[in-house]
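Listed below, chain by chain, are the residues.
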Amino acid sequence: MFDVLVVGGGPAGRALARACAEEGLDTAIVDRQPERVWAATYGAWADELPHGTPTKVTSTVVRVFAREEHLIPREYVILDNARLHALPDSVTVLPRPADARYTFNATGARKGRAEQTAVGTVIESDCTETTLMDWRNGDSFLYTVPLGDNRVLVEETCLAGRPATPLDELRRRLHARIAPGPEEERVRFPLDAPKADGLAFGASAGFIHPATGYSVATSLTLAPKVAQAVKAGEDPQRVIWSRKARIVHAMRRRGLEVLLRMDADETRDFFEVFFQLDANHQRAYLSGREDVKGMVAAMTALFRIAPRWLRTKLIF
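The paragraphs below set out a description of the structure included in this document.

What counts as what
Residues numbered from 1 in each chain as written. Predicted model: local features only at pLDDT ≥ 70, side-chain atom pairs only at ≥ 80, totals over all residues. Heavy atoms only, no water. 1 Å grid on protein atoms, 1.4 Å probe; cavity = no way out; pocket = protein on both sides within 12 Å on 5 of 7 lines; lining within 4 Å. Points joined across faces, edges and corners; volume = space filled by probe spheres on them. Helix = DSSP H or I, 4+ residues; strand = E, 2+ residues; numbered from the N terminus. Nonpolar A, V, L, I, M, F, W, Y, C, P; charged D, E, K, R; others polar. Pairing = 2+ DSSP bridges. Axes fitted to C-alpha atoms, helices over the stretch in contact; angles between N-to-C directions. Parallel < 35°, antiparallel > 145°, perpendicular 65-115°, else oblique. Left-handed = near helix turned anticlockwise from the far one by under 90°. Contact = heavy atoms within 4.5 Å. Core = buried A, V, L, I, M, F, W, Y, C linked by side-chain atoms within 4.5 Å. Buried < 20%, exposed > 50% of the residue type's maximum accessible area, 1.4 Å probe, protein only. Expected span 1.5 Å × (residues − 1). Arc of directions from axis to C-beta. Phe/Tyr/Trp six-rings, centres within 6.5 Å; stacked < 30°, edge-to-face > 60°. Lys NZ or Arg CZ within 6 Å of the ring centre and 35° of its normal.

Brief notes about the layout of surface pockets
Line of reasoning, step 1. Computed from the structure, the second largest pocket encloses a volume of approximately 430 Å³.
Line of reasoning, step 2. Of all elements in the fold, only helix H4 (216-231), helix H5 (237-240), helix H6 (243-260) and helix H8 (279-287) reach the threshold of two or more residues within the lining of the second largest pocket.
Line of reasoning, step 3. Per element, the largest residue contribution to the lining of the second largest pocket is six residues, and it comes from H4.
Line of reasoning, step 4. For the lining of the second largest pocket, a count of residues per class yields eleven nonpolar, ten polar and six charged.

Let's talk about the sheet that holds strand E1 (residues 2-7)
As a general point, the strands of a sheet are linked pairwise by backbone hydrogen bonds and lie either parallel or antiparallel.
Line of reasoning, step 1. Spatial strand order, E8-E2-E1-E9: four strands in an open sheet with parallel pairing. On the outer flanks of this sheet lie strand E8 (92-94) and strand E9 (100-105), each paired with one strand and no other. The average undirected angle you get between the axes of adjacent strands in this sheet is 20°.
Line of reasoning, step 2. Pairing of E1 with strand E2 (residues 27-30), which is carried by four bridges, proceeds in the parallel orientation. The residue bridging Val-6 from the neighbouring strand is Ile-29, located in E2.

Comments concerning the sheet that holds strand E4 (residues 55-59)
Line of reasoning, step 1. Within the open sheet, the three strands sit side by side as E3-E7-E4. Their pairing is antiparallel. The open sheet is flanked by strand E3 (43-45) and E4, the only strands paired with a single partner. The sheet shows a mean angle of 30° between the axes of neighbouring strands, taken without regard to direction.

Focus on unusual backbone geometry
Line of reasoning, step 1. Between Arg-162 and the following residue, Pro-163, the backbone shows a cis peptide bond with an omega angle of 10°.
Line of reasoning, step 2. At Asn-150, a residue that is not glycine, the phi angle is positive and equals roughly 60°.
Line of reasoning, step 3. For Asn-150, the location among the structural elements is in the loop between strand E12 (141-148) and strand E13 (151-161).

What about the packing of H6 against helix H9 (residues 292-305)?
Line of reasoning, step 1. Viewed as axis vectors pointing N to C, H6 and H9 meet at an angle of 20°, and their least axial separation amounts to 9 Å. Comparing their axes, H9 and H6 come out roughly parallel. In this structure, the crossing between H6 and H9 has a hand that is left-handed. Residues Lys-244, Ile-247, Val-248, Met-251 and Arg-252 of H6 form the contact with H9, whose own contacting residues are Val-292, Met-295, Val-296 and Met-299.
Line of reasoning, step 2. Residues belonging to the contact of H6 with H9 are distributed by class as follows: seven nonpolar, no polar and two charged.

Here's the deal with the nonpolar core
Line of reasoning, step 1. Formed by 40 residues in total, the largest nonpolar core has its most connected members in Val-4, Leu-79, Phe-104, Phe-201 and Ile-240.
Line of reasoning, step 2. Only E1, helix H1 (11-22), strand E7 (76-79), E9 and H4 provide two or more residues apiece to this core.
Line of reasoning, step 3. Tallying contributions element by element places H4 first for this core, with eight residues.
Line of reasoning, step 4. Filtering out sequence-adjacent residues up to four positions away, Phe-201 remains in contact with Ala-12, Leu-16, Phe-104, Asn-105, Ala-106, Phe-207, Ser-219, Leu-222, Ala-223, Val-226 and Ile-240.
Line of reasoning, step 5. Grouped together as the second largest cluster of nonpolar side chains are 38 residues, Leu-153, Leu-159, Val-273 and Phe-275 included.

As for H6
Line of reasoning, step 1. Taking 1.5 Å of rise per residue, 18 residues should cover 26 Å, and H6 covers 26 Å from first to last C-alpha, within 8% of that figure.
Line of reasoning, step 2. Among the residues of H6, Ala-245, Val-248, His-249, Met-251, Arg-252, Gly-255, Leu-256, Val-258 and Leu-259 are the ones counted as buried. Projected onto a plane normal to the axis of H6, the buried residues spread over an arc of 165° and lie on a single side.
Line of reasoning, step 3. Contacts from the buried residues of H6 go to E13, helix H7 (264-274), H8, H9 and helix H10 (308-315).

Details of the environment of Val-37
Line of reasoning, step 1. Within the secondary structure layout, Val-37 lies in the loop between E2 and E3.
Line of reasoning, step 2. A sequence separation of 45 residues divides Val-37 from Ala-82, and the C-alpha atoms of the two residues are 7.9 Å apart.

Things to note about the packing of aromatic side chains
Line of reasoning, step 1. Taken as a whole, this structure holds twelve aromatic pairs when the rule is applied.
Line of reasoning, step 2. Between Trp-45 and Tyr-76, the aromatic rings sit 5.4 Å apart at their centres with planes inclined by 85°, giving edge-to-face as the arrangement. With a gap of 31 residues between them, Trp-45 in strand E3 and Tyr-76 in strand E7 connect regions that are remote in the sequence. Both residues of the pair, Trp-45 and Tyr-76, belong to the buried class.
Line of reasoning, step 3. Taken together, the ring pairs connect Trp-135, Phe-141, Phe-270, Phe-271, Phe-274, Phe-275 and Tyr-285 into an aromatic cluster.
Line of reasoning, step 4. Above the face of the Trp-241 ring, Arg-289 is positioned so that its terminal group lies 4.3 Å from the ring centre.

Written as C-alpha coordinates, this is what we have:
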(Lines give C-alpha, C1' and ligand atoms only; values in the text may rest on other atoms or scores of the structure.)
Protein backbone atom coordinates (compact mmCIF):
# COMPACT_ATOMS: atom_id res chain seq x y z
CA MET A 1 0.00 0.00 0.00
CA PHE A 2 1.28 3.45 -0.94
CA ASP A 3 1.23 6.38 1.43
CA VAL A 4 -0.19 8.67 -1.26
CA LEU A 5 -1.87 8.00 -4.59
CA VAL A 6 -2.55 10.92 -6.93
CA VAL A 7 -5.04 10.23 -9.72
CA GLY A 8 -4.33 12.57 -12.62
CA GLY A 9 -1.04 13.51 -14.26
CA GLY A 10 -1.55 17.19 -15.04
CA PRO A 11 0.37 20.09 -13.46
CA ALA A 12 -1.56 19.90 -10.19
CA GLY A 13 -1.31 16.14 -9.83
CA ARG A 14 2.37 16.02 -10.66
CA ALA A 15 3.13 18.92 -8.31
CA LEU A 16 1.43 17.08 -5.45
CA ALA A 17 3.12 13.75 -6.25
CA ARG A 18 6.50 15.46 -6.44
CA ALA A 19 5.95 17.28 -3.12
CA CYS A 20 4.85 14.09 -1.34
CA ALA A 21 7.89 12.20 -2.62
CA GLU A 22 10.16 15.00 -1.41
CA GLU A 23 8.64 14.54 2.05
CA GLY A 24 9.72 10.90 1.97
CA LEU A 25 6.21 9.53 1.42
CA ASP A 26 5.78 6.40 -0.71
CA THR A 27 3.96 8.03 -3.61
CA ALA A 28 2.30 6.85 -6.81
CA ILE A 29 0.52 8.71 -9.57
CA VAL A 30 -2.05 7.40 -12.04
CA ASP A 31 -1.28 8.71 -15.50
CA ARG A 32 -2.45 6.67 -18.46
CA GLN A 33 -0.40 8.81 -20.89
CA PRO A 34 2.76 9.63 -18.92
CA GLU A 35 4.75 10.55 -22.03
CA ARG A 36 2.14 12.96 -23.35
CA VAL A 37 3.54 16.44 -23.99
CA TRP A 38 1.43 19.24 -22.54
CA ALA A 39 0.19 21.56 -25.26
CA ALA A 40 -1.38 24.14 -22.94
CA THR A 41 0.40 27.38 -22.05
CA TYR A 42 0.36 28.04 -18.31
CA GLY A 43 0.83 31.65 -17.20
CA ALA A 44 0.86 33.15 -13.72
CA TRP A 45 1.89 36.20 -11.76
CA ALA A 46 5.47 35.72 -10.58
CA ASP A 47 4.59 36.72 -7.01
CA GLU A 48 1.96 33.97 -6.81
CA LEU A 49 4.46 31.17 -7.30
CA PRO A 50 6.58 29.38 -4.70
CA HIS A 51 10.34 29.83 -4.81
CA GLY A 52 12.00 27.59 -7.36
CA THR A 53 9.03 27.21 -9.70
CA PRO A 54 10.43 26.47 -13.17
CA THR A 55 9.61 29.30 -15.54
CA LYS A 56 10.37 29.74 -19.21
CA VAL A 57 9.68 33.42 -19.93
CA THR A 58 9.24 36.47 -17.71
CA SER A 59 7.49 39.66 -18.80
CA THR A 60 8.40 42.74 -16.80
CA VAL A 61 6.02 44.92 -18.82
CA VAL A 62 2.37 43.93 -18.49
CA ARG A 63 -0.41 45.95 -20.07
CA VAL A 64 -4.20 46.02 -20.06
CA PHE A 65 -6.38 47.90 -22.52
CA ALA A 66 -9.96 48.56 -21.40
CA ARG A 67 -11.11 52.09 -22.24
CA GLU A 68 -7.57 53.31 -21.59
CA GLU A 69 -4.16 51.67 -21.32
CA HIS A 70 -3.00 50.50 -17.88
CA LEU A 71 0.45 49.29 -16.88
CA ILE A 72 0.39 46.57 -14.23
CA PRO A 73 3.36 46.72 -11.81
CA ARG A 74 3.77 42.94 -11.53
CA GLU A 75 5.86 40.41 -13.41
CA TYR A 76 4.06 37.77 -15.45
CA VAL A 77 5.63 34.43 -16.28
CA ILE A 78 5.09 31.46 -18.54
CA LEU A 79 5.82 28.18 -16.79
CA ASP A 80 8.26 25.59 -18.08
CA ASN A 81 6.03 22.64 -18.96
CA ALA A 82 8.85 20.15 -19.44
CA ARG A 83 10.24 20.74 -15.96
CA LEU A 84 6.78 20.79 -14.37
CA HIS A 85 6.10 17.44 -16.01
CA ALA A 86 9.20 15.78 -14.57
CA LEU A 87 8.87 13.50 -11.55
CA PRO A 88 11.53 12.09 -9.22
CA ASP A 89 12.41 8.44 -9.70
CA SER A 90 10.84 7.64 -6.33
CA VAL A 91 7.33 8.32 -7.69
CA THR A 92 5.68 5.22 -9.14
CA VAL A 93 3.68 5.86 -12.31
CA LEU A 94 0.64 3.58 -12.65
CA PRO A 95 -1.94 3.01 -15.39
CA ARG A 96 -4.73 2.46 -12.86
CA PRO A 97 -5.46 3.17 -9.17
CA ALA A 98 -3.99 1.14 -6.32
CA ASP A 99 -4.45 1.06 -2.56
CA ALA A 100 -3.10 4.02 -0.59
CA ARG A 101 -3.61 5.69 2.77
CA TYR A 102 -4.46 8.96 1.00
CA THR A 103 -5.92 9.10 -2.51
CA PHE A 104 -6.20 12.51 -4.18
CA ASN A 105 -8.40 13.16 -7.20
CA ALA A 106 -6.48 15.51 -9.51
CA THR A 107 -8.24 14.67 -12.76
CA GLY A 108 -9.38 18.21 -13.61
CA ALA A 109 -12.39 20.45 -13.22
CA ARG A 110 -15.91 19.16 -12.90
CA LYS A 111 -18.45 20.45 -15.44
CA GLY A 112 -19.84 23.89 -14.58
CA ARG A 113 -22.29 26.32 -16.14
CA ALA A 114 -20.11 29.41 -16.64
CA GLU A 115 -17.10 28.92 -18.90
CA GLN A 116 -14.01 30.64 -20.21
CA THR A 117 -13.12 29.90 -23.82
CA ALA A 118 -10.17 30.94 -25.97
CA VAL A 119 -8.52 30.15 -29.29
CA GLY A 120 -4.89 31.10 -29.83
CA THR A 121 -2.25 31.01 -32.50
CA VAL A 122 1.54 31.20 -32.20
CA ILE A 123 3.24 33.79 -34.40
CA GLU A 124 6.83 34.94 -34.90
CA SER A 125 7.66 38.10 -32.96
CA ASP A 126 10.40 39.50 -30.76
CA CYS A 127 7.84 41.05 -28.38
CA THR A 128 8.74 40.64 -24.69
CA GLU A 129 5.63 42.25 -23.21
CA THR A 130 2.43 40.61 -22.01
CA THR A 131 -0.98 42.06 -22.80
CA LEU A 132 -3.44 40.45 -20.40
CA MET A 133 -6.50 42.03 -21.94
CA ASP A 134 -7.09 44.15 -25.02
CA TRP A 135 -10.79 44.95 -25.10
CA ARG A 136 -10.59 47.50 -27.90
CA ASN A 137 -12.52 45.33 -30.36
CA GLY A 138 -15.73 43.37 -29.75
CA ASP A 139 -16.96 41.52 -26.69
CA SER A 140 -13.95 39.20 -26.52
CA PHE A 141 -10.38 40.33 -25.88
CA LEU A 142 -6.87 39.57 -27.06
CA TYR A 143 -4.36 37.96 -24.70
CA THR A 144 -0.78 38.22 -25.95
CA VAL A 145 2.20 36.63 -24.21
CA PRO A 146 5.79 35.88 -25.28
CA LEU A 147 6.84 32.23 -25.34
CA GLY A 148 10.55 32.81 -25.99
CA ASP A 149 12.57 32.00 -29.12
CA ASN A 150 10.81 34.84 -30.99
CA ARG A 151 7.42 33.16 -30.55
CA VAL A 152 4.30 34.85 -29.20
CA LEU A 153 0.94 33.35 -28.31
CA VAL A 154 -2.05 35.48 -29.31
CA GLU A 155 -5.44 34.33 -27.99
CA GLU A 156 -8.95 35.57 -28.63
CA THR A 157 -10.64 35.07 -25.28
CA CYS A 158 -14.13 35.04 -23.85
CA LEU A 159 -13.44 35.73 -20.17
CA ALA A 160 -16.75 34.41 -18.87
CA GLY A 161 -20.03 33.35 -20.41
CA ARG A 162 -23.09 31.29 -19.69
CA PRO A 163 -22.81 30.02 -22.35
CA ALA A 164 -19.36 31.18 -23.39
CA THR A 165 -18.57 32.28 -26.94
CA PRO A 166 -18.09 29.12 -29.06
CA LEU A 167 -14.54 28.20 -30.03
CA ASP A 168 -15.25 28.34 -33.77
CA GLU A 169 -16.50 31.91 -33.42
CA LEU A 170 -13.42 32.92 -31.43
CA ARG A 171 -11.25 31.31 -34.10
CA ARG A 172 -13.03 33.33 -36.79
CA ARG A 173 -12.50 36.57 -34.84
CA LEU A 174 -8.85 35.79 -34.22
CA HIS A 175 -8.12 35.08 -37.87
CA ALA A 176 -9.91 38.29 -38.85
CA ARG A 177 -7.36 40.19 -36.72
CA ILE A 178 -4.15 38.30 -37.38
CA ALA A 179 -2.72 35.80 -39.86
CA PRO A 180 -2.71 32.40 -38.12
CA GLY A 181 0.56 30.66 -37.33
CA PRO A 182 1.23 26.91 -37.58
CA GLU A 183 0.27 26.18 -33.95
CA GLU A 184 -3.22 26.58 -32.51
CA GLU A 185 -4.29 26.41 -28.88
CA ARG A 186 -7.89 25.92 -27.73
CA VAL A 187 -9.12 26.54 -24.20
CA ARG A 188 -12.43 25.66 -22.57
CA PHE A 189 -12.94 25.24 -18.84
CA PRO A 190 -15.59 26.01 -16.23
CA LEU A 191 -15.30 28.98 -13.87
CA ASP A 192 -17.92 27.71 -11.42
CA ALA A 193 -17.06 24.01 -11.34
CA PRO A 194 -18.18 22.20 -8.19
CA LYS A 195 -15.61 20.44 -6.03
CA ALA A 196 -15.23 16.72 -6.56
CA ASP A 197 -16.37 14.45 -3.76
CA GLY A 198 -13.78 13.16 -1.34
CA LEU A 199 -10.13 14.20 -1.25
CA ALA A 200 -9.31 16.29 -4.31
CA PHE A 201 -6.57 18.62 -5.46
CA GLY A 202 -6.14 21.20 -8.21
CA ALA A 203 -9.06 22.04 -10.48
CA SER A 204 -10.89 18.96 -9.17
CA ALA A 205 -10.87 20.59 -5.74
CA GLY A 206 -12.32 23.82 -7.09
CA PHE A 207 -9.07 25.79 -7.31
CA ILE A 208 -10.08 27.59 -10.51
CA HIS A 209 -10.24 31.33 -9.83
CA PRO A 210 -13.76 32.51 -10.82
CA ALA A 211 -12.40 35.87 -12.04
CA THR A 212 -9.37 34.70 -14.03
CA GLY A 213 -9.69 31.00 -14.74
CA TYR A 214 -6.26 30.32 -13.22
CA SER A 215 -5.54 27.41 -10.90
CA VAL A 216 -2.01 26.14 -11.54
CA ALA A 217 -0.23 28.68 -9.31
CA THR A 218 -2.51 27.77 -6.43
CA SER A 219 -1.78 24.07 -6.94
CA LEU A 220 1.98 24.65 -7.03
CA THR A 221 1.81 26.73 -3.85
CA LEU A 222 -0.36 24.32 -1.89
CA ALA A 223 1.29 21.05 -2.95
CA PRO A 224 4.18 21.22 -0.43
CA LYS A 225 1.80 22.27 2.36
CA VAL A 226 -0.55 19.38 1.64
CA ALA A 227 2.39 16.95 1.55
CA GLN A 228 3.61 18.24 4.92
CA ALA A 229 0.12 17.78 6.40
CA VAL A 230 -0.03 14.18 5.16
CA LYS A 231 3.40 13.42 6.58
CA ALA A 232 2.36 14.91 9.95
CA GLY A 233 -0.85 12.84 10.00
CA GLU A 234 -3.00 15.98 9.80
CA ASP A 235 -6.14 16.49 7.75
CA PRO A 236 -5.03 17.81 4.33
CA GLN A 237 -8.51 19.22 3.72
CA ARG A 238 -7.73 21.98 6.20
CA VAL A 239 -4.85 23.06 3.99
CA ILE A 240 -6.73 22.64 0.73
CA TRP A 241 -9.76 24.64 1.86
CA SER A 242 -9.13 26.73 4.94
CA ARG A 243 -11.98 28.83 6.31
CA LYS A 244 -10.38 32.01 4.91
CA ALA A 245 -9.97 30.42 1.48
CA ARG A 246 -13.65 29.42 1.44
CA ILE A 247 -14.72 32.98 2.31
CA VAL A 248 -12.55 34.55 -0.39
CA HIS A 249 -13.70 32.03 -3.00
CA ALA A 250 -17.36 32.74 -2.17
CA MET A 251 -16.78 36.46 -2.68
CA ARG A 252 -15.09 35.79 -6.03
CA ARG A 253 -18.00 33.59 -7.10
CA ARG A 254 -20.26 36.53 -6.30
CA GLY A 255 -18.06 38.69 -8.52
CA LEU A 256 -18.41 36.15 -11.33
CA GLU A 257 -22.19 36.35 -11.14
CA VAL A 258 -21.99 40.15 -11.41
CA LEU A 259 -19.73 39.90 -14.46
CA LEU A 260 -22.04 37.43 -16.19
CA ARG A 261 -24.87 39.99 -16.04
CA MET A 262 -22.89 42.63 -17.94
CA ASP A 263 -22.92 43.24 -21.68
CA ALA A 264 -19.74 43.91 -23.67
CA ASP A 265 -19.63 47.67 -23.07
CA GLU A 266 -20.37 47.28 -19.37
CA THR A 267 -17.64 44.67 -19.07
CA ARG A 268 -15.07 47.01 -20.56
CA ASP A 269 -16.24 49.79 -18.24
CA PHE A 270 -15.91 47.44 -15.27
CA PHE A 271 -12.31 46.57 -16.10
CA GLU A 272 -11.52 50.23 -16.72
CA VAL A 273 -12.55 50.86 -13.11
CA PHE A 274 -10.87 47.71 -11.77
CA PHE A 275 -7.48 48.57 -13.23
CA GLN A 276 -7.66 52.04 -11.72
CA LEU A 277 -7.31 50.37 -8.32
CA ASP A 278 -3.87 50.39 -6.75
CA ALA A 279 -1.65 47.35 -7.19
CA ASN A 280 -2.33 45.96 -3.70
CA HIS A 281 -6.09 45.93 -4.27
CA GLN A 282 -5.65 44.30 -7.67
CA ARG A 283 -3.35 41.69 -6.18
CA ALA A 284 -5.76 40.89 -3.35
CA TYR A 285 -8.61 40.24 -5.78
CA LEU A 286 -6.58 38.34 -8.35
CA SER A 287 -4.18 36.40 -6.15
CA GLY A 288 -4.83 36.56 -2.41
CA ARG A 289 -6.47 33.19 -1.84
CA GLU A 290 -6.76 33.57 1.94
CA ASP A 291 -6.59 37.36 2.19
CA VAL A 292 -10.10 38.09 3.45
CA LYS A 293 -9.25 41.62 4.62
CA GLY A 294 -7.53 42.41 1.34
CA MET A 295 -10.46 41.05 -0.65
CA VAL A 296 -12.96 43.15 1.30
CA ALA A 297 -10.73 46.22 0.93
CA ALA A 298 -10.46 45.67 -2.84
CA MET A 299 -14.21 45.29 -3.28
CA THR A 300 -14.85 48.35 -1.12
CA ALA A 301 -12.35 50.44 -3.09
CA LEU A 302 -13.91 49.34 -6.37
CA PHE A 303 -17.38 50.27 -5.12
CA ARG A 304 -16.23 53.71 -4.05
CA ILE A 305 -14.85 54.70 -7.46
CA ALA A 306 -17.45 52.87 -9.57
CA PRO A 307 -20.08 54.87 -11.50
CA ARG A 308 -23.65 54.65 -10.25
CA TRP A 309 -24.77 52.03 -12.79
CA LEU A 310 -21.92 49.74 -11.77
CA ARG A 311 -22.70 50.16 -8.07
CA THR A 312 -26.23 49.01 -8.84
CA LYS A 313 -24.86 45.94 -10.64
CA LEU A 314 -22.55 45.15 -7.71
CA ILE A 315 -25.38 45.27 -5.18
CA PHE A 316 -28.17 43.48 -7.01
